[in-house]
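# Structural overview for review
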Amino acid sequence: MLHAALGFWGLLVALPAHAQQPADSTASPAPRPVRVARFVPSIILDNRNSFVQASAVRIIGLNLGLTPRGKRYRLGLGGYTLRRSYSQLYTYSGKGKRQKLKDTLTPELSLTYFTPNFAYIFFHSRWLELSIPVDVGMGRSHYTVTDENGKVTTDSKGLFFPAEIGLGVLLRPTRWVGLSGAAGYRVSLKEIDYQEDFNGWYYSYRLNFFVGAIWQDIRYARARRAARRASSSQHCAD
C-alpha cells in the first residue's frame, strides 16, 4: 500500500505547473528545471488517545494527504484501528452462605474504520501551521464476550460511522519531517458496544513525512548530477 501511494504521489509531483527558467543562458550549464508540483503529498503516522476513560483508549492509524499548492486546505484519507480487552470489568459472584460461584467474562472490542478528512488551514508560516481537521467515515465494529472456559457467549458485528472535529498544530523544523498534534471531540454517529470508549474528547500526536518535498529534492539532486556530468563531458571535448 505504501509503495503504491508513493508511486501515485510521484506522478502527481511530476504534473507540470510553471517550469523554472535559467537566469543567464551564458552561464555554466544549469540543472534541467524541476517542475513544481500542483499538490504537496504527505504521510502521517497517527496515534490518538481518549480523555474519557481512566485507562487511555489508543487508536492507531495512517493518514495519506494532499495539499493543493497555494491553497489553505488539505485533503486526506485515514485508516484506523482500535483493539481493547475489558478482562477486568466482569466478575460475577453467586450468593450463598457456604459457597460462592464465580465466573469471569472477557469482553473485547475491535474497531476498524476509514475516514476521508478535510483540514482548513487558518494560519501558515515556514515553521508553524494551525488548522481545523474534520473527519467523517465508516467502519466495522466487532464485539465479543468470552467466559473463563474460552466459550464465546456474545459475538456482535456491525457498521458504525465515526466523526471528529478538532484543532491541529503542525511544527515543521525541516522540509522533510514535521511533528503535529491535535485535540478535539470524537463521536460515533451509529450506536456501537462500549460507545463511551469511542465518544468523547481525544488528543493525538503525529509524525509527518512530506514526501512531496523529499521527491522534489531527490529529482533536483539527480538533475544537478546530470548537469555536472554534461559540463564535464563538454570540457573534455573542448
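Throughout, a residue's number is its position along its own chain's written sequence, starting from 1. Owing to the predicted nature of the model, reporting of local features is limited to residues with pLDDT of at least 70; listing and counting of side-chain atom pairs is limited to 80 or more, with chain, interface and lining totals taken over all residues. Computation of side-chain values covers all heavy atoms of the structure but excludes hydrogens and water.

Numbering of helices and strands runs from the N terminus, with a helix taken as a DSSP run of H or I at least four residues long and a strand as a DSSP run of E at least two residues long. On a plain count of helices and strands, the chain comes out with 2 helices and 11 strands. Counting from the amino terminus, the chain carries its helices and strands in the arrangement α-β-β-β-β-β-β-β-β-β-β-β-α. Pairs of residues are marked as contacts when any of their non-hydrogen atoms sit within 4.5 Å. Nonlocal contacts in the chain, meaning residues at least 24 apart in sequence, comprise 60% of its contacts between residues at least 6 apart. Values of accessible area rely on a 1.4 Å probe in the Shrake-Rupley scheme; residue burial ignores everything except the protein chains shown. Looking at the chain as shown, the accessible area adds up to about 14900 Å², and 60% of this sits on carbon and sulfur atoms.

Turning our attention to the environment of Tyr205. Tracing the sequence through the fold places Tyr205 in strand β11 (residues 200–209). Exposed residues in this analysis have more than 50% of their type's maximum accessible area, buried residues have under 20%, and partly exposed residues fall in between, with area computed by a 1.4 Å probe over protein chains only. By relative accessible area, which is 42% here, Tyr205 ends up partly exposed. In this structure, the C-alpha to C-alpha distance between Tyr205 and Ser180, residues 25 residues apart in sequence, is 6.0 Å. Those residues within four positions of Tyr205 in sequence are excluded, and the remaining contacts are Leu45, Asp46, Asn47, Asn49, Arg58, Ser180 and Gly181.

Salt-bridge detection follows one rule: a side-chain nitrogen of Lys or Arg within 4 Å of a carboxyl oxygen of Asp or Glu. Going through the model one piece at a time under the given rule, you end up with 5 salt bridges. Asp46 is paired through a salt bridge with Arg48; the nearest N and O atoms lie 2.9 Å apart. Since its relative accessible area comes to 2%, Asp46 is described here as buried. Connected via shared salt-bridge partners are Asp46, Arg48, Asp135, Glu164 and Arg206.

Nonpolar core, defined: a set of buried Ala, Val, Leu, Ile, Met, Phe, Trp, Tyr and Cys residues in which side-chain atoms within 4.5 Å join the residues together. Core analysis: the largest hydrophobic core is formed by 13 residues, its most contacted members being Ile59, Leu82, Leu109, Leu111, Tyr113, Phe160 and Phe198. Broken down by secondary-structure element, the contributors of at least two residues to this core are β3 (73–85), β5 (102–124) and β7 (138–146). By residue number, the principal contributor to this core is β5, which donates 4 residues.

Moving on to the packing of aromatic side chains. Pairing of aromatic rings covers Phe, Tyr and Trp, the last counted by its six-membered ring, and requires centre-to-centre distances within 6.5 Å; plane angles under 30 degrees mean stacked, over 60 mean edge-to-face, and any other angle means tilted. This model, assessed by the stated rule, comprises 4 aromatic pairs. Judged by centre distance (5.9 Å) and plane angle (25°), the ring pair of Tyr73 and Phe118 falls under stacked. Here Phe118 lies in strand β5 and Tyr73 lies in strand β3, a separation of 45 residues in the sequence. Using a relative accessible area of 36% as the deciding quantity, one classes Phe118 as partly exposed.

What follows concerns the side chain of Asn208. Examined against the element boundaries, Asn208 turns out to sit in strand β11. Asn208 sits in the buried class, given a relative accessible area of 5%.

As a general feature of sheets, a regular strand has side chains that alternate between the two faces. Note on pairing: DSSP must find at least two bridges between two strands before they are called paired. Strand direction decides the pairing type here: strand β6 (residues 128–136) and strand β9 (residues 162–171), joined by 7 bridges, are antiparallel. Looking at β9, one finds that Leu128 is bridged to Leu171. Here β9 folds back onto strand β10 (residues 177–188), and the loop between the two strands holds 5 residues.

Among the secondary structure elements, Asn117 is positioned in strand β5. Pairs of N or O atoms within 3.5 Å make up the polar contacts considered here, provided that, within protein, one atom can donate a hydrogen while the other can accept it, and that residues adjacent in sequence are counted only when both atoms are side-chain atoms. Here the side chain of Asn117 touches Thr115 through a polar contact of 3.0 Å, landing on its backbone oxygen. In this structure Asn117 touches Asn63, Arg74, Leu75, Gly76, Leu77, Gly78, Val134 and Asp135, once residues within four positions along its chain are discounted.

The pairing of β7 with strand β8 (residues 152–160) spans 8 bridges and is antiparallel. By the bridge assignment for β8, His142 is matched with Lys157.

For the chain, per-residue confidence averages 77 on the pLDDT scale, and 71% of positions sit at 70 or higher. The quantity known as pLDDT measures the predictor's confidence residue by residue, on a range of 0 to 100. Per-element confidence in the chain ranges from a low mean pLDDT of 47 for helix α1 (residues 2–14) to a high of 95 for β6. Note that pLDDT drops below 50 for residues 11–29; the model gives that stretch 25 contacts with residues more than four away or on any other chain.

Turning next to a positive patch on the surface. Taken together, the side chains of Arg222, Arg224, Arg225, Arg228 and Arg229 present a region of like positive charge at the surface. Tracing the backbone shows Arg222 in helix α2 (residues 211–237). The class for Arg222 is exposed, based on a relative accessible area of 54%. Each patch is built from residues that are more than 30% exposed by relative accessible area and take part in no salt bridge. Like charges join if they lie within 9 Å; nonpolar side chains (Val, Leu, Ile, Met, Phe, Trp, Tyr) join within 5 Å. His residues and chain termini do not enter the charge count, which takes Lys and Arg as positive and Asp and Glu as negative. Each charge is placed at NZ for Lys, CZ for Arg, CG for Asp and CD for Glu.

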